Protein chains: 2
Amino acid sequence: MDYDKKVSLAVIKRLPKYYRYLGDLLDNNVTRISSKELSKKMNATPSQIRQDLNNFGCFGQQGYGYDVSLLYSEIKTILGLDKTYSVIVVGAGNLGNAILNYTQFQKRGVSFAAIFDTDAQKIGTTINGVEIKDIKNLGNFLEQTSVDIAVLCVPKSSAAEVAKVVIKGGVKSIWNFTPLDLENTKDVVVENVHLSDSLMTLFYKLNEGFILERYVKK
Amino acid sequence: MDYDKKVSLAVIKRLPKYYRYLGDLLDNNVTRISSKELSKKMNATPSQIRQDLNNFGCFGQQGYGYDVSLLYSEIKTILGLDKTYSVIVVGAGNLGNAILNYTQFQKRGVSFAAIFDTDAQKIGTTINGVEIKDIKNLGNFLEQTSVDIAVLCVPKSSAAEVAKVVIKGGVKSIWNFTPLDLENTKDVVVENVHLSDSLMTLFYKLNEGFILERYVKK
């Protein structure tokens, strides 16, 4: 993409949080909110909130604050939540199952087109009404079907090969739960979720005192 | 914690990636590596890698680079992967199931002590050999058992209440998969994993051209 002005990923990653908080406010019939009040709820500074939102235009009004419903609806559009997405899941293990069964994703516009697996016992059965197909047919399927998002839930050993097939098949984005790091390219955007990394970060936080004592505070 | 010098969370969050890459190198019998070579593999700059690692001491040697096995073992210690952790999972739904069945976590030192749920049909049964207990007994269980980590996989509606019981029960850290944002306190460290937020970030990336056109490039 050749825009001079892109919005930083750090800002983008905070938008879903705004969306969640504004949704809570709407549920509680709050119609307007100052950046100061919103910042308290979100554990951020009012200036950060103003700066974040100013990336996308002028949503607030001095002395009035933000119209909750309007801001909610704009962020909904910015996050692409006013659309539906054709999604395939590759890997019908426990995580694949959890994703297929997580009703929240369907509320967010996800429409599952198919699941793929190597396990002959699983092929032909369904998860949440979606058929598990033979992974051998993944390439063919992608030739015939337009897919927005591929969710990769395969083991590390097959992650690179599956990613290759998916990218070759013209899938525009990958939600990657494998331990393999995939990079954004001009054709494919990626969101890596490394659950093991998150767990290790928690371990670190848990042991921080000991680690600082041993390694840092010398 | 009252250390003058703490290591920034951004650095901590990169350590698991170093650990994974060094593990791959070991698997391929690579015994030493320069920060330049390591940086290429990790898609970072050599200077960032040196700065990150220098937080914890002097692991590299000018002209020699890093001893892969030594660095791997030090990062393993820093990430607390030389210990075992007593872990409970609250919520035996699809995600709870996936976490209980993810063998990777047990390799990382996780020992599941119990699962808790509200569903009478599930209570008394097991997942991967771990018993599902009645969530009513969570408080009592925590009085009698030392738990390092509570994994929260409950719906949003019960997240705050469950977090309260867990914190009151003296659990030192929370791996939070609920939509509720939990903050680190002096007693409890938290790692929030908001899968929906990650999905929305992917939606944004997918629609970035349209969004920049509509909101930013005015």
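Participant: How should I be thinking about the sheet that holds strand β8 (residues 149-152) of chain B in this particular structure?
Facilitator: Picture the strands of a sheet paired through backbone hydrogen bonds; they go either parallel or antiparallel. Residue and element names in this part refer to chain B. Pairing is mixed in the open sheet, where 7 strands are placed in the order β6-β7-β5-β4-β8-β9-β10. Where the open sheet ends on each side, the last strands, each with one partner, are β6 (126-127) and β10 (189-192). Note: β8 against strand β9 (residues 173-176), 4 bridges, orientation parallel. Counted as the bridge partner of valine 151 is tryptophan 175 from β9.

Participant: Could you clarify how one ought to interpret the relation of the copies chain B and chain A in this entry?
Facilitator: In this arrangement, two copies of a chain are superimposed by a rotation about an axis accompanied by a shift along the axis. Between the two copies, chain B and chain A, the superposition gives an RMSD of 0.0 Å; the rotation angle is 180° and the shift along the axis is 0.0 Å. Classification of the inter-copy transformation places it as that of a two-fold axis. Looking at the interface residues of chain B, 100% of them are also at the interface in chain A, so both copies use one shared face.

Participant: Explain helix α9 (residues 195-216) of chain B here, please?
Facilitator: Residue and element names in this part refer to chain B. With 22 residues, α9 extends just 26 Å between its outermost C-alpha atoms, more than 12% less than the 32 Å of an ideal straight helix rising 1.5 Å per residue. Where α9 bends most, at asparagine 207, the angle is about 70°. Of all 22 residues in α9, 17 are buried; the element is thus mostly enclosed.

Participant: When you look at the pairing of strand β9 (residues 173-176) of chain A in this model, what are you seeing that I'm missing?
Facilitator: For a regular strand, the rule is simple: side chains alternate between the two faces of the sheet. Residue and element names in this part refer to chain A. Here β9 shows no split at all, with Ser173 and Trp175 on one side and Ile174 and Asn176 on the other all buried. Relative to strand β10 (residues 189-192), β9 runs parallel, the two sharing 4 bridges. Within β10, the position partnered with serine 173 by the bridge is valine 189.

Participant: Where do I start with the packing of aromatic side chains in this structure?
Facilitator: The relation between two aromatic rings is expressed through the spacing of the ring centres and the mutual angle of the planes. Going through the model one piece at a time under the given rule, you end up with 18 aromatic pairs over all chains. Between phenylalanine 56 of chain A and tyrosine 204 of chain B, the aromatic rings sit 6.4 Å apart at their centres with planes inclined by 80°, giving edge-to-face as the arrangement. Taken together, the residues phenylalanine 56 of chain A in the loop between α3 (46-54) and β2 (60-61) and tyrosine 204 of chain B in helix α9 connect one chain to another. For tyrosine 204 of chain B, a relative accessible area of 1% translates into the label buried.

Participant: Could you clarify how one ought to interpret the environment of leucine 38 of chain A in this entry?
Facilitator: Residues and elements named next belong to chain A. For leucine 38, the position within the fold is in helix α2 (residues 35-42). According to the relative accessible area criterion, leucine 38 is buried, its value standing at 0%. When the C-alpha atoms of leucine 38 and tyrosine 66 are compared, they prove to be 9.2 Å apart, with 28 residues separating the residues in sequence. In this structure, leucine 38 is in contact with Tyr18, Leu22, Leu25, Ile33 and Ile49, ignoring residues within four places of it in sequence.

The rules behind these values
- Residues numbered from 1 in each chain as written.
- Chains lettered and ligands numbered in written order.
- Predicted model: local features only at pLDDT ≥ 70, side-chain atom pairs only at ≥ 80, totals over all residues.
- Heavy atoms only, no water.
- Pairing = 2+ DSSP bridges.
- Helix = DSSP H or I, 4+ residues; strand = E, 2+ residues; numbered from the N terminus.
- Least-squares fit on C-alpha atoms with pLDDT ≥ 70 in both.
- Contact = heavy atoms within 4.5 Å.
- Expected span 1.5 Å × (residues − 1).
- Bend = angle between axes of the 7 residues up to and from the residue.
- Buried < 20%, exposed > 50% of the residue type's maximum accessible area, 1.4 Å probe, protein only.
- Phe/Tyr/Trp six-rings, centres within 6.5 Å; stacked < 30°, edge-to-face > 60°.

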